[in-house]
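# Structural overview for review
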Amino acid sequence: MRALVLAEHDNRSLKPATHAAVTAALALGGSADVLVAGAGAAAAAEAAAKIAGVGRVLLADDPAHAEALAEPLADLLVGLAAEYDALLAPATACGKNAMPRVAALLDVQQISEIVAVVDADTFVRPIYAGNALATVRSSDAKKVITVRTTAFEKAAETGAAPVEAIAAAAPCDAARFLERRVVESVRPELTAARVVVAGGRGIGSDGAFALVSQLADLLGGAVGASRAAVDAGFIPNDAQVGQTGKIVAPDLYIAVGISGAIQHIAGMKDSKVIVAINKDGEAPIFQVADYGLVADVFEAVPALIDSLSA
Amino acid sequence: MKVLVAVKRVVDYNVKIRIKPDGSGVDTANLKMSMNPFDEIAVEEAVRWKEKGLATEVVVVSIGPQAAQDTLRTGLAMGADRALLIKTDAEVQPLAVAKLLKAAAEREKPDVVILGKQAIDDDSNQTGQMLAALLGWPQGTFISATEKTGEGRLSVVREIDGGLETLSLAPPCVLTTDLRLNEPRYASLPNIMKAKKKPLDTVAPEELGVDIAPRLTLVKVEEPPRRKAGVIVGSVGELVDRLKNEAKVL
Ligand SMILES: Cc1cc2nc3c(=O)[nH]c(=O)nc-3n(C[C@H](O)[C@H](O)[C@H](O)COP(=O)(O)OP(=O)(O)OC[C@H]3O[C@@H](n4cnc5c(N)ncnc54)[C@H](O)[C@@H]3O)c2cc1C
Ligand SMILES: Nc1ncnc2c1ncn2[C@@H]1O[C@H](COP(=O)(O)O)[C@@H](O)[C@H]1O
């Protein structure tokens, strides 16, 4: 059993989602290589070489892969597939974009967002917004898998794998990269943060959303949001937590002014400790909260900030 | 520009599903069914293009049982021109859906195929990308804005992990919708009546020459571990105290 893991990186640094995907790959019971496709991504490849258990790192360093466009990325993976029994990627925006393309080109039914490996053919994945866990067995000879990164430990960094340069795929003019508007933030990344403070429609305005950010900063945490808060423009889309947003599992999740729709719960219910602050004592969020405070956001959050900064 | 939109009939997003006691699957009998919400967004986008004179014809296609006709009629009532039902009672997994949609695209010859980014029942998030690969077309997934630009290209804004990204795509291409692309309309009563008269074709997967045999076998379905409700604290002071001394997360 040989597995290849697509690395998540931004050309400069490797993302911890990669480490979780390597753990899932090793759980298949064989070896795991890592593919870094990028431009000027040597540092990311060096970082991948340190992941414990990795056999070798393949580096395709070329302008064609600078923006991780799905078309060349899928072609690259398909070109490498003959040597591997399984191809895996973290279930990030990039992994979700590219891997089904790979699967279709290999005539394989992808297994999306696995949360457990039962054996080399059998996997557990959530369906219906996490309201059910399905165990599925694949009859495809080759596996194409995306990995829910919160469900796997991050592999340690005690390795020293060799890095091999490989040829890039041809660029595709039918899909051109124009621009990327990244939300610059000094806060930890949402999916990797130890603390997440998330705000919902109950915050009422984007001005008031500053209260949520202030609390997050005080706790060294990331800022999350419900769909309603994003739709209302309180905060950019990349903060959405849920079934169709990001999946998080921090040590502490504080939901402020969020009702607790199943689509939201789907993204945060694996957090270690959940706190809910909501003025409606009947809000469903309290059914999953370890600590609930029935209170108005505008009284409770400033008081919390005062008490924590004292 | 001709547009093909893929719409799936799913359990309504407001309905809580039940797992069959023997763990053999999810019991969807007698539950309220609706068009997958991301597919409503896809239909809305196509209809808006038509209203703006960008699209000439909008065709909705669904793969599923006879009852998927209702979903197609919803699409017609929203403003699509024609519908195609690829009728089967079998379970059709994303790869097979993509193959059937490829066959439909080869018949209909659209310039753009729009799908939802994710079906809210299987949560696969695969079909659009697979269809693009099978057709050899470029893809714009998780889109929140579209614009027609020079050289007949489309500029699309994508929702990605760090923020937003803009791509320029040369049709024919495949798009998948994200939540912020638009707010779908409700079909008006007169439009629902009119939709009943719009053409709806039915074909079988075999007629399209596609093998839909599933590649994944469902071994079992289980309840996820349930979280228990904890305590309601009386004050901010008590909350801080418990987080520090009991949960030890501060
Ligand atoms: C296809 C689809 C996908 C979706 N995906 C997601 C997803 O990924 N993530 C997600 O979050 N949602 C998602 N949703 C939306 C979801 O169904 C809910 O609509 C959404 O989560 C509600 O957000 P909210 O809790 O902020 O708003 P509301 O449900 O409006 O709740 C606001 C809460 O704030 C409280 N409140 C109001 N004022 C105050 C105050 N002053 N002080 C204290 N509390 C106050 C209210 O009591 C209420 O409980 C999706 C929906 C669909 C259809
Ligand atoms: N049975 C189906 N009929 C029509 N469209 C479908 C079907 N299954 C999936 N799709 C389309 O593919 C999208 C993504 O589905 P999935 O890959 O299953 O998450 C959906 O939003 C639909 O647009």
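What counts, and where the lines are drawn
Residues numbered from 1 in each chain as written. Chains lettered and ligands numbered in written order. Predicted model: local features only at pLDDT ≥ 70, side-chain atom pairs only at ≥ 80, totals over all residues. Heavy atoms only, no water. Near = heavy atom within 4 Å. Polar contact = N/O pair within 3.5 Å; in protein donor to acceptor, adjacent residues only side chain to side chain. Areas by Shrake-Rupley, 256 points an atom, 1.4 Å probe, with all protein chains shown as cover. Helix = DSSP H or I, 4+ residues; strand = E, 2+ residues; numbered from the N terminus. Nonpolar A, V, L, I, M, F, W, Y, C, P; charged D, E, K, R; others polar. Pairing = 2+ DSSP bridges. Phe/Tyr/Trp six-rings, centres within 6.5 Å; stacked < 30°, edge-to-face > 60°. Lys NZ or Arg CZ within 6 Å of the ring centre and 35° of its normal. 1 Å grid on protein atoms, 1.4 Å probe; cavity = no way out; pocket = protein on both sides within 12 Å on 5 of 7 lines; lining within 4 Å. Points joined across faces, edges and corners; volume = space filled by probe spheres on them. Domains from an automatic or database assignment.

## Concerning the site of ligand 2
All names here are of chain B. Among the 18 residues in the neighbourhood of ligand 2, the closest are listed as Asp-39, Ile-63, Ala-119, Asn-125 and Thr-127. Take Ala-119: an N or O atom from its main chain is 2.8 Å from an oxygen atom of ligand 2. A distance of 3.0 Å separates an oxygen atom of ligand 2 from a polar atom in the side chain of Asp-122. Considering ligand 2 on its own, with 480 Å² of exposed area, one finds that the protein chains cover 97% of that surface. Counting only elements with at least two residues in the shell around ligand 2, the list comes to β6 (57-64) and β8 (112-116). Partitioning the shell around ligand 2 into residue classes produces 7 nonpolar, 8 polar and 3 charged.

## Digging into the sheet that holds strand β16 (residues 291-294) of chain A
Strand order in the open sheet formed by 6 strands is β13(A)-β12(A)-β14(A)-β15(A)-β16(A)-β15(B), with parallel pairing between adjacent strands. Looking at which strands have only one partner, the edges of the open sheet turn out to be β13 (222-225) of chain A together with β15 (231-232) of chain B. In this structure, strand β15 (residues 273-278) of chain A lies alongside β16(A), joined through 4 bridges in parallel fashion. Among the inter-strand pairings, Ile277(A) is bridged to a residue of β16(A), identified as Leu293(A).

## Thoughts on the packing of aromatic side chains
Enumeration over the complete set of coordinates arrives at 1 aromatic pair over all chains. Seen from the ring of Tyr84(A), Arg2(A) lies directly overhead, with NZ or CZ sitting 5.2 Å from the centre.

## Details of empty space enclosed by the protein
Within this structure, the stated rule accounts for 4 cavities of 30 Å³ or more. Quantified by volume, the largest cavity comes out at close to 160 Å³. Lining of the largest cavity is provided by 16 residues; of these, Glu113(A), Arg148(A), Gln243(A), Gln118(B) and Asp123(B) occupy positions nearest its centre. Its residues assigned to classes, the lining of the largest cavity comprises 4 nonpolar, 8 polar and 4 charged. Here the lining of the largest cavity gathers at least three residues from each of two domains, domain 1 (2-165) and domain 2 (190-309) of chain A. The computed volume of the second largest cavity comes to approximately 90 Å³. Lining the second largest cavity are 13 residues, with Tyr128(A), Ile262(A), Tyr13(B), Val15(B) and Ile120(B) positioned closest to its centre. Residue composition of the lining of the second largest cavity, by class: 8 nonpolar, 3 polar and 2 charged.

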